[in-house]
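Descriptive structure summary
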Amino acid sequence: MDWKRFGFIAIIIVVLFGGVVAIGQVQQRPLLIVTSMLATTIAVATPLTLGALSGVFCERAGVVNIGIEGMMLASAFFGWLAAVYMFHVFEYPTGVSITAGALFAVITGMLMALLHAVLSITFKVDQIIGGTVINILAVGLTGFLNRQMFFGKGSVFEGSIPNSPGVLRAIHIPITEILSPLCGANSPLCVENIAAINRVFDQKPIALSAILLVFISHYVLFNTRWGLRTRAVGEHPKAADTVGINVIKMRYANVLIGGALAGLAGAYFTIESVPSFEPLLTNGRGFISLAAMIFGNWTPIGAWAAALVFGASSALQINMQIFRAVIPPQLAFLQQSYIVGLVPYILTMIILTGIIGKTTPPAAGGVPYDK
Amino acid sequence: MPSEKQTNSLSKFISSLKQFIEWIDPILVPLLAILTSMIVGGIIIKSVGGDPILAYKGLLEGSFGSVELGPVKSQRAISETAVWATPYIFAGLAVALAFKGGLFNIGAEGQLALGAVFSSLIGYALPGWLGVDLPTIIHLPLAILGGLLMGGIWAGIVGALKAYTGGHEVINTIMMNYIALNSTSFLLNGVMKDPSPTNVIARTPLIAESARFAPIFDGLRVHWGFVLALFTAVFIWWLLNKTTVGFEIRTMGANPDAAHYAGVNVKRTIILTMFLSGALAGMAGAIEVTGLNYRHELGFSQGYGFDAIAIALLGKSHPIGVVLASILFAAMRNGATRMQFLTQMPVDLISMIQAFILLFVAADAIVRFIFRIQSKGERVVLTRGWGG
């Protein structure tokens, strides 16, 4: 990561936040708007962060993965299906069901990644085609099973979609409890501000683990033997092979790690965000993660920063509605979701032009390894 | 000891068999991929308690008719298959043409939607702007041209970004897809929304009679756009194989460096290839508007763009292969309704079988492994990594 890029990210985030504060301040105090924006940003950026990390692991090992979208979609579906089955059919308690659902999503992600690995590493299929196969297969598979499981002949749910056991609950970090005594006796505003700041940190488990995983991934890739080998395999597999690194094994392992991360991203949608599944619910976020990965120059922390930018632009859209932003009627069309929703896509394309610093992909990315 | 004559005829037979295998080799893997997918599909049907034979019978009857259904329903079935095949052929050719140039156009979906939007705009608004009623001979070509140009420009932008900044076309076409679909929603919910008081759907007004294709037969929906699609396939074959432009596109696809040293303007060819590819996808949208729906409605094109990738791969990027693959996919989509009627198998099953076809075509090594077919040893490069 270079300063030019961090500067760009900072500017974008300030502009997005500033925009909401400027138009929302009639209704609400800026601090509340900013903390609300921050909390939404972190939550919305979660699948993008995890998806981008998935891409980082695959591509650092030399396997291009545009199947993140499909992996996420399949994991979201199977995670949700597992939770529903555990809860309704096997009658486990809520907590057990949704935890099992999250676990199942991760396993699904790994299985999809295994398919990608078999195609692109063993059978040496063009990796972008392999990823496209994953994406199309996921759409077909989830669409078919979603219909078949709930409306098909002999379905245990007899033609209705059952309620999910619910979603993961936020973890409360007791900042307010610790800091509010410092405010003194008669300043309710101070306590209110601390509570608002506290809400930024009260995230759900997958969102928190995503942030943790960013730093773990950074450490693993750049400070361990495993990371060095992964990068060697992605930059110059022949040289790596010569010094005794098993190229095929390293690539398989990293693609599977990538699959697990994409699976966790899928779990975010149906286990953490909303307790339901609908066909095509990932809606391109797998592809945006890929863009975040490229913008982050194939580094975990950079990818996280980029994911936060995309998260902020979604948060803008959500918060404009929450705070009923007052804007002139001539500009009212900007408020429509399909216009604000364009921001991440256009940003991605600008990033890809390389105006904001050149990116350097792993040298052996996309090339199957022939001994 | 066989006589000389016998040996002669035997060796003749063997050599003609060899010739046959050589001749069938390019289509052998796609055919076996289809067969394998059908078997996998049958296993899935069986495993969820359905009857695979009945399901496939329904699929066949629903798409090409049968004696049992009677002539009227059979005619309609074939007509509907042609109706489905029309946009598939255009969109499949779009992806195939890009593949020939070593480019991957995942954005056919967006180019198609924008093509449809602009084609309908010209279809319903142009006579009003000019203040005269246009004859079909002028209005219809203009409506198609509008869609074609819009699709072409939309993809051409991606081509230009690739040529001048190196931005990879895979990500950019995906991003352009979302931008196109969002803009379409914006237009169809806003300025282009059908103003009739009963309308609550995001759709354009009906296009003028003069911008419409006539149906080929009375009472059936199949229209002259299908014939145009077939001609377009022949045209693309001619363009790729008999012209300088086609030669440049293929050379760039085979090896951009070699193309550069052979004097091909690679930057220009990238932009041109993407433009032509997008133009074909835009035409798919335009023909749907002018031949079938007579307006553009939000969400009509869900999935054409992705099906087009499978079609192009299945057809091995050859225009005739694309036509055949389009007819197969169209038959499956069209027959699915009857399959669902006979066996209660959800229509989504088709998407899954198609995904498997794509899987086995893309990973021809798997099919070659299952059926023990030797490979000729050359690996065709379809796309390049982020760096190229």
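Residues numbered from 1 in each chain as written. Chains lettered and ligands numbered in written order. Predicted model: local features only at pLDDT ≥ 70, side-chain atom pairs only at ≥ 80, totals over all residues.

**As for the overall build of chain B**
To be explicit about the condition: Helix and strand assignments follow DSSP, with helices taken as H or I runs no shorter than four residues and strands as E runs no shorter than two, numbered in order from the N terminus. Using C-alpha atoms as the atom set, the radius of gyration is obtained and then compared with a globule rule of 2.2 Å times the number of residues to the power 0.38. The exposure label follows from counting other C-beta atoms within 10 Å of a residue's C-beta, where the C-beta atoms are placed from the backbone and the thresholds are 20 or more for buried and 12 or fewer for exposed, leaving partly exposed in between.
A tally of helices and strands in chain B yields 14 helices and 0 strands. Counting from the amino terminus, chain B carries its helices and strands in the arrangement α-α-α-α-α-α-α-α-α-α-α-α-α-α. A globule of 388 residues ought to have a C-alpha radius of gyration of about 21 Å, and chain B, at 23 Å, matches this closely. Projected onto its principal axes, the C-alpha coordinates of chain B cover approximately 90 × 60 × 40 Å. Per-residue burial for chain B yields a buried fraction of 54% across its 388 residues.

**Remarks on the overall build of chain A**
Which entries qualify depends on this criterion: Residues are treated as contacting if the C-beta atoms built from their backbones sit within 7 Å of each other.
Along the backbone of chain A there are 15 helices and 0 strands. Against the 2.2 N^0.38 benchmark of 21 Å for 371 residues, chain A shows a C-alpha radius of gyration of 22 Å, consistent with a compact globule. Seen along its three principal axes, the alpha-carbon backbone of chain A occupies a region of about 70 × 60 × 45 Å. Here chain A, with 371 residues, has 51% of them falling under the buried criterion. For chain A, the proportion of contacts with a sequence separation of at least 24, taken over those separated by at least 6, is 79%.

**Examining the interface of chain A and chain B**
Rule in force here: Under the scheme applied, nonpolar residues are Ala, Val, Leu, Ile, Met, Phe, Trp, Tyr, Cys and Pro; charged residues are Asp, Glu, Lys and Arg; polar residues are all the others, including Gly.
Counting from both sides, the interface comprises 44 residues of chain A and, opposite them, 41 residues of chain B. Elements with a minimum of two residues in the side of chain A that touches chain B: helix 5 (127–151), helix 12 (285–295), helix 14 (337–340) and helix 15 (343–352) of chain A. For the side of chain A that touches chain B, the element with the most residues is helix 5 of chain A, which contributes 14 residues. Of the residues belonging to the side of chain A that touches chain B, the class tally is 25 nonpolar, 15 polar and 4 charged.

**Let's talk about the packing of helix 3 (residues 68–89) of chain A against helix 12 of chain A**
All names here are of chain A. Stated formally: As a rule, the C-alpha atoms of each element are fitted with a line to give its axis, helices using only the stretch in contact, and angles between N-to-C directions run from 0 to 180 degrees. Each angle is binned into one of four classes, with values under 35 degrees roughly parallel, values over 145 roughly antiparallel, values of 65 to 115 roughly perpendicular, and all other values oblique. In a left-handed crossing the near helix is turned counterclockwise from the far helix by less than a right angle, and in a right-handed crossing that turn is clockwise.
For the pair helix 3 and helix 12, interaxial distance at closest approach is 7 Å and the crossing angle is 135°. Considering the angle they form, helix 3 stands oblique to helix 12. The chirality of how helix 3 crosses helix 12 is right-handed. Side by side, helix 3 and helix 12 meet where Ile 68, Glu 69 and Met 72 of the first sit next to Arg 285, Gly 286, Phe 287, Ser 289 and Leu 290 of the second. Residues that form the contact of helix 3 with helix 12 fall into these classes: 4 nonpolar, 2 polar and 2 charged.

**Looking at unusual backbone geometry**
Residues and elements named next belong to chain B. Phi at Tyr 294 is positive, roughly 60°, even though this residue is not glycine. Among the secondary structure elements, Tyr 294 is positioned in the loop between helix 10 (266–293) and helix 11 (304–314). Using a count of 20 C-beta atoms within 10 Å as the deciding quantity, one classes Tyr 294 as buried. Look at Lys 316: it is not a glycine, yet its phi comes out positive at around 50°. Checked against the element boundaries, Lys 316 lands in the loop between helix 11 and helix 12 (319–343).

**Topic: the nonpolar core**
Going by this rule: Think of a nonpolar core as buried Ala, Val, Leu, Ile, Met, Phe, Trp, Tyr and Cys residues chained together by C-beta atoms that fall within 7 Å.
Of all hydrophobic cores here, the largest spans 236 residues; its most connected members are Ala292(A), Phe90(B), Ala91(B) and Ala94(B). Those residues in contact with Ala94(B) that sit more than four places away from it in its chain are Asn105(B), Ala108(B), Ser277(B), Gly278(B), Leu280(B), Ala281(B) and Ala308(B).

**A word on the confidence of the model for chain B**
All names here are of chain B. We apply this condition: The pLDDT value expresses, per residue, how confident the predictor is, ranging between 0 and 100.
For chain B, the average pLDDT comes to 87, and 94% of its residues sit at 70 or higher. Confidence scores differ between elements of chain B, with helix 14 (residues 364–371) showing the lowest mean pLDDT of 75 and helix 7 (residues 224–242) the highest of 96. The complex prediction reports pTM at 0.86, with the ipTM value standing at 0.80.

**Details of the environment of Met86(A)**
Residues and elements named next belong to chain A. Among the structural elements, Met 86 can be located in helix 3. The sequence separation of Met 86 and Asn 163 amounts to 77 residues, and the corresponding C-alpha distance is 12 Å. Ignoring sequence-local partners within four residues, the contact set of Met 86 consists of Tyr 92, Val 96, Ser 97 and Ala 100.

**Considering the packing of helix 2 (residues 30–60) of chain A against helix 11 (residues 247–273) of chain A**
Residue and element names in this part refer to chain A. Taken N-terminus to C-terminus, the directions of helix 2 and helix 11 make an angle of 170°; their axes are 8 Å apart at the nearest point. In terms of orientation, helix 2 lies roughly antiparallel with respect to helix 11. The residues of helix 11 that touch helix 2, namely those facing Thr 46, Pro 47, Leu 50, Gly 51, Leu 53, Ser 54, Gly 55, Phe 57, Cys 58 and Arg 60, are Asn 254, Val 255, Ile 257, Gly 258, Leu 261, Ala 262, Leu 264, Ala 265, Tyr 268 and Phe 269.

**Here's the deal with helix 12 of chain B**
All names here are of chain B. In plain terms, the rule: Between the first and last residue of a helix there are one fewer steps than residues, each counted as 1.5 Å, and that sum is the expected span. The seven residues ending at a residue and the seven starting there each receive a fitted axis; the angle between those axes is the bend at that residue.
In this model, helix 12 (25 residues) spans 35 Å end to end at C-alpha, consistent with the 36 Å of a helix rising 1.5 Å per residue. Its axis deflected by about 35° at Ala 336, helix 12 carries its strongest bend there. Immediately beyond the C-terminal end of helix 12, within one or two residues, lies Gln 344, with a positive phi of roughly 60°.

**Notes on the environment of Ile339(A)**
Here Ile339(A) shows up in helix 14. Sequence separation between Ile339(A) and Pro362(A) is 23 residues; the distance between their C-alpha atoms is 34 Å.

**Regarding helix 8 (residues 205–223) of chain A**
Spanning 19 residues, helix 8 of chain A covers 26 Å between terminal C-alpha atoms, matching the ideal 27 Å at 1.5 Å per step. For helix 8 of chain A, the set of buried residues is Ile206(A), Ala207(A), Ala210(A), Val214(A), Ser217(A) and Leu221(A).

**Regarding the domain arrangement of chain A**
All names here are of chain A. Cut-off, in case you're wondering: Per the annotation, domain bounds derive from an automatic or database assignment of domains.
Examined at the domain level, chain A breaks down into domain 1 (3–153 + 205–352) and domain 2 (170–203). Measuring from the centre of the C-alpha atoms in domain 1 to the corresponding centre in domain 2 gives 30 Å. On the side of domain 2, 7 residues touch domain 1, which itself brings 10 residues to the contact. At 7 residues, the largest contribution of residues to the side of domain 1 that touches domain 2 is made by helix 2. In the side of domain 1 that touches domain 2, the residues fall into 9 nonpolar, 1 polar and no charged.

**Here we look at the environment of Pro344(A)**
Residue and element names in this part refer to chain A. With respect to the helices and strands, the residue Pro 344 is situated in helix 15. Given 26 C-beta atoms within a 10 Å radius, Pro 344 is considered buried. Distance in space between the C-alpha atoms of Pro 344 and Ala 10 is 15 Å, their sequence separation being 334 residues. Among residues more than four places away in sequence, those in contact with Pro 344 are Ile 288, Phe 310 and Ser 313.

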